[in-house]
Amino acid sequence: MQGSTRRMGIMTDVHRRFLQLLMTHGVLEEWDVQRLQKHCYKVHDRNATVEKLEDFINNINSVLESLYIEIKKGVTEDDGRPIYALVNLATTSISKMASDFAENELDLFRKALELIIDSETGFASSTNILNLVDQLKGKKMRKKEAEHVLQKFVQNKWLIEKEGEFTLHGRAILEMEQYIRETYPDAVKVCTICHSLLIQGQSCETCGIRMHLPCVAKYFQSNSEPRCPHCNDYWPHEIPEVFDPKKEREAGISKSNKRSLRSRQH
Amino acid sequence: MSEQSKDVCDPSFAAEASNSEVHSSPGVPGGPSLPASQAAIFPGPESPPVGPPDAPLASPAPQAPCEEGDPKALQQAAEEGRAHQAPSAAQPGPAPPAPAQLVQKAHELMWYVLVKDQKRMIIWFPDMVKDVIGSYKKWCRSILRRTSLILARVFGLHLRLTSLYTMEFSLVKALEPEELDRVALSNRMPMTGLLLMILSLIYVKGRGARESAVWNVLRILGLRPWKKHSTFGDVRKLITEEFVQQNYLKYQRVPHVEPPEYEFFWGSRASREITKMQIMEFLARVFKKDPQAWPSRYREALEEARALREANPTAHCPRNSVSED
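What you are looking at is a predicted structure, and each value in this text was computed from that prediction instead of being measured. (Residues numbered from 1 in each chain as written. Chains lettered and ligands numbered in written order. Predicted model: local features only at pLDDT ≥ 70, side-chain atom pairs only at ≥ 80, totals over all residues. Heavy atoms only, no water.)

Residues and elements named next belong to chain B. For the pair helix H7 (residues 211-220) and helix H8 (residues 235-245), the least separation of the axes is 13 Å and the interaxial angle reads 135°. On the basis of their axis angle, the class for H7 and H8 is oblique. The two elements H7 and H8 meet at a crossing, and its hand is right-handed. Seen from H7, the contacting residues are Glu211, Val214, Trp215 and Leu218; seen from H8, they are Val235, Arg236, Ile239 and Thr240. For the contact of H7 with H8, a count of residues per class yields five nonpolar, one polar and two charged. (Axes fitted to C-alpha atoms, helices over the stretch in contact; angles between N-to-C directions. Helix = DSSP H or I, 4+ residues; strand = E, 2+ residues; numbered from the N terminus. Parallel < 35°, antiparallel > 145°, perpendicular 65-115°, else oblique. Left-handed = near helix turned anticlockwise from the far one by under 90°. Contact = heavy atoms within 4.5 Å. Nonpolar A, V, L, I, M, F, W, Y, C, P; charged D, E, K, R; others polar.)

On to the packing of helix H1 (residues 13-25) of chain A against helix H2 (residues 30-44) of chain A. Residue and element names in this part refer to chain A. Following both chains from N to C, one finds H1 and H2 inclined at 140°, their axes separated by 9 Å at the closest point. The orientation of H1 with respect to H2, classified from their angle, is oblique. The two elements H1 and H2 meet at a crossing, and its hand is right-handed. Here Asp13, Val14, Arg17, Phe18, Leu21 and Leu22 of H1 come into contact with H2, specifically with Val33, Leu36, Gln37, His39, Cys40, Tyr41, Val43 and His44.

This next bit is on the packing of aromatic side chains. The tally for this structure, following the rule as stated, stands at 10 aromatic pairs over all chains. Measuring from centroid to centroid gives 5.6 Å for phenylalanine 220 of chain A and tryptophan 235 of chain A, while their planes differ by 50°, and the two rings are tilted. You can see phenylalanine 220 of chain A sitting in the loop between helix H9 (213-219) and helix H10 (245-250) and its partner tryptophan 235 of chain A sitting in the loop between H9 and H10, a full 15 residues away along the chain. On the accessibility criterion, tryptophan 235 of chain A (0% relative accessible area) is buried. With 6.4 Å between their ring centres and 55° between their planes, tyrosine 203 of chain B and tryptophan 266 of chain B make a pair best called tilted. Linking tyrosine 203 of chain B in helix H6 (residues 190-205) with tryptophan 266 of chain B in strand S8 (residues 262-266), this pair joins segments that are 63 residues apart in sequence. Tryptophan 266 of chain B shares its class with tyrosine 203 of chain B; the two are buried. Three or more aromatic residues joined by ring pairs make a cluster, and in this case those are Phe18, Tyr41 and Phe56 of chain A. The ring of tryptophan 294 of chain B is capped by lysine 289 of chain B, whose NZ or CZ atom sits 5.4 Å from the centre of that ring. Between the NZ or CZ atom of arginine 297 of chain B and the centre of the ring of tyrosine 203 of chain B, over which it lies, the distance is 5.7 Å. (Phe/Tyr/Trp six-rings, centres within 6.5 Å; stacked < 30°, edge-to-face > 60°. Buried < 20%, exposed > 50% of the residue type's maximum accessible area, 1.4 Å probe, protein only. Lys NZ or Arg CZ within 6 Å of the ring centre and 35° of its normal.)

The next subject is the side chain of glutamate 177 of chain A. All names here are of chain A. Turning to its location among the elements, glutamate 177 is positioned in helix H8 (residues 170-183). A polar contact is formed between the side chain of glutamate 177 and the backbone nitrogen of leucine 197, at a distance of 3.0 Å. What glutamate 177 contacts, discounting residues up to four positions off in sequence, is Lys72, Ala172, Ser196 and Leu197. (Polar contact = N/O pair within 3.5 Å; in protein donor to acceptor, adjacent residues only side chain to side chain.)

Now for helix H5 (residues 103-118) of chain A. Under the 1.5 Å per step criterion, the end-to-end length of H5 of chain A is 23 Å for 16 residues, consistent within 8% with the ideal 22 Å. Of all the positions in H5 of chain A, only Asn104, Glu105, Leu106, Asp107, Leu108, Phe109, Lys111, Ala112, Leu113, Ile116 and Ile117 of chain A are classed as buried. (Expected span 1.5 Å × (residues − 1).)

Residues and elements named next belong to chain B. Strand order in the open sheet made by the three strands is S4-S8-S7, with antiparallel pairing throughout. Two strands bound the open sheet, and with one partner strand each, they are strand S4 (209-210) and strand S7 (249-253). Direction of pairing for S7 relative to S8: antiparallel, over a ladder of five bridges. Across the sheet, the residue bridging to leucine 249 is tryptophan 266, located in S8. Its contacts with the sheet place H8 against S7 and S8, and it is angled at close to 110° to S7. (Pairing = 2+ DSSP bridges.)

Residues and elements named next belong to chain B. Mean pLDDT over chain B stands at 67; residues scoring 70 or higher make up 61%. At the low end of the mean pLDDT range in chain B sits helix H1 (residues 11-16), at 32; at the high end sits S8, at 93. This model gives residues 177-189 a pLDDT under 50, and the stretch forms 31 contacts once residues within four places in sequence are excluded. Note on residues 315-325: pLDDT under 50 across the span, and 29 contacts to partners over four residues away in sequence or across chains. Note on the complex model: pTM 0.59, ipTM 0.77. (pLDDT = per-residue confidence, 0-100.)

The next subject is the pattern of salt bridges. Scanning the model with the defined rule gives 22 salt bridges over all chains in all. Residues aspartate 131 of chain B and lysine 130 of chain B are paired through a salt bridge, measuring 3.9 Å at the closest nitrogen-oxygen approach. Overall, the relative accessible area of 17% leaves aspartate 131 of chain B in the buried class. In this structure, arginine 236 of chain B and glutamate 211 of chain B form a salt bridge, with 3.1 Å as the shortest nitrogen-oxygen distance. You can see arginine 236 of chain B sitting in helix H8 and its partner glutamate 211 of chain B sitting in helix H7, a full 25 residues away along the chain. With relative accessibility at 12%, the residue glutamate 211 of chain B sits in the buried group. Here the salt bridges do not stand alone but share partners, grouping Glu29, Asp79 and Arg81 of chain A into one network. (Salt bridge = Lys/Arg side-chain N within 4 Å of Asp/Glu carboxyl O.)

Glancing now at the pairing of S8 of chain B. One ladder, built from two bridges, connects S4 of chain B with S8 of chain B; its direction is antiparallel. Paired with alanine 209 of chain B across the bridge in S8 of chain B is phenylalanine 264 of chain B.

In this section: H8 of chain A. For an α-helix the count is 3.6 residues per turn, leaving residues at separations of three or four pointing the same way. All names here are of chain A. The first and last C-alpha atoms of H8 sit 19 Å apart over 14 residues, in line with the 20 Å expected at 1.5 Å per residue. Remark: the principal bend of H8, roughly 70°, maps to methionine 176. Burial of H8 is extensive: 10 of the 14 residues sit out of reach of the surface. The complete set of buried residues in H8 reads Gly170, Arg171, Ala172, Ile173, Leu174, Glu175, Met176, Glu177, Tyr179 and Ile180. (Bend = angle between axes of the 7 residues up to and from the residue.)

Here is the structure:
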């Protein structure tokens, strides 16, 4: 009956504290995760060598596997920062949000999500989302209230807002990718390079394939004549830079710096 | 994940479904007549027992895990032709679900509890039943037990019933007491900074902090009651409603004062989760002074720290008091 005891042997207090803190923070950038890992070693096992982060996380994931949860690594779509979150792999619902928001709020999110997925750019305008307020399930919501709820989503890192338009936060993509792919199988876009869900990105104007901005950056790195990997036509968009964590820290750029290279698709 | 169920085990749900066989009269013996054998619900040595609430509640009130020796449940069960008895006896009745399903429910409950805790929301037993356990209510004990085990082994967290009366659970760290781990991530939690500011103010004053005093302090951070902030949003709502709801603060009217004024106190959750020493360290950091610049408060913090150490030599969760009210 205790099916999950197989690999419990490798869970130490270092791993437990790490999981606790990762859960507390919801989503973390890679640099923070590394500091977190070092902190956990310092508290529980000062003399041990700090394991390489990737192995550390894989070890924990092997234990979590039987619980249908996982520490998932993703990359922010606009500037390629690696992020980590503990996610639930069961796709029965928008699991993490369900306990947070009222029925009409969840439905507002669903409506916004649909608009975002259907859009060309991966952004849905505030106006378009608010116009759907009458169709929401549950208690009636006024537009003013809906604006508030959208801000709540932004604060809780489910949505990002840029100039009055909304797209999915990296965390939402991490947590909901499976749910989104299963719920909107025809509408979802996928990156040609990494094959993951694509919300924001660049597309080839000839053959229509799409790539994430960080995937574009890596693929065309130091390539003076970028060409579409599919149809070989000249790639018409600006190639962003590959994310370099060291350079960023040295420049003292804060986390909230909007240095993104969102490239509109037309 | 809302699964309503009309399982007659639970008088409150049954009452709503207007099941005529249910004894939902308020005069029911809901007294604290819980037999001692019911005490060990959770296998963990530190967990308190779960059972029907002590106070006799009127019928629509939520009830504790169904298969207990609750007299009301027993009567209904007998009437339904199901033999619910003390948990030790194996019973004929509807076939238990496959172990795999119970395991899955335990995993769902684990996630549910983790997320509630992450959002600092109250983990309320009736919600657990409604949102997750649903039609598996009869086996909620074994589901809860498995969930507790997983949480302890994988996360180092104890799922603890903090209040039998309100049926609230909380997730409590089973690892060594440590400073708020936020030092590992240097202030990534703006809400905590705001909260700590207010808690520190109350602590330094030694009594409740008037709302006006709190706003004077927050003004230093550029926060005003009428202005929306990019991170905090509606600050006034945050501190007078959300923090209060989460039991980090108490917001009360000052007696005998006209026009009405309000003041803030530490909430029960703040008292549980935050030590005075942490407040002193926070003050020291913010004002760039030695904590001993507040001598009497520092002494208090030292005493509290000593008391905590003495109370918990094995360094297991220092705060396991039942929440007040």
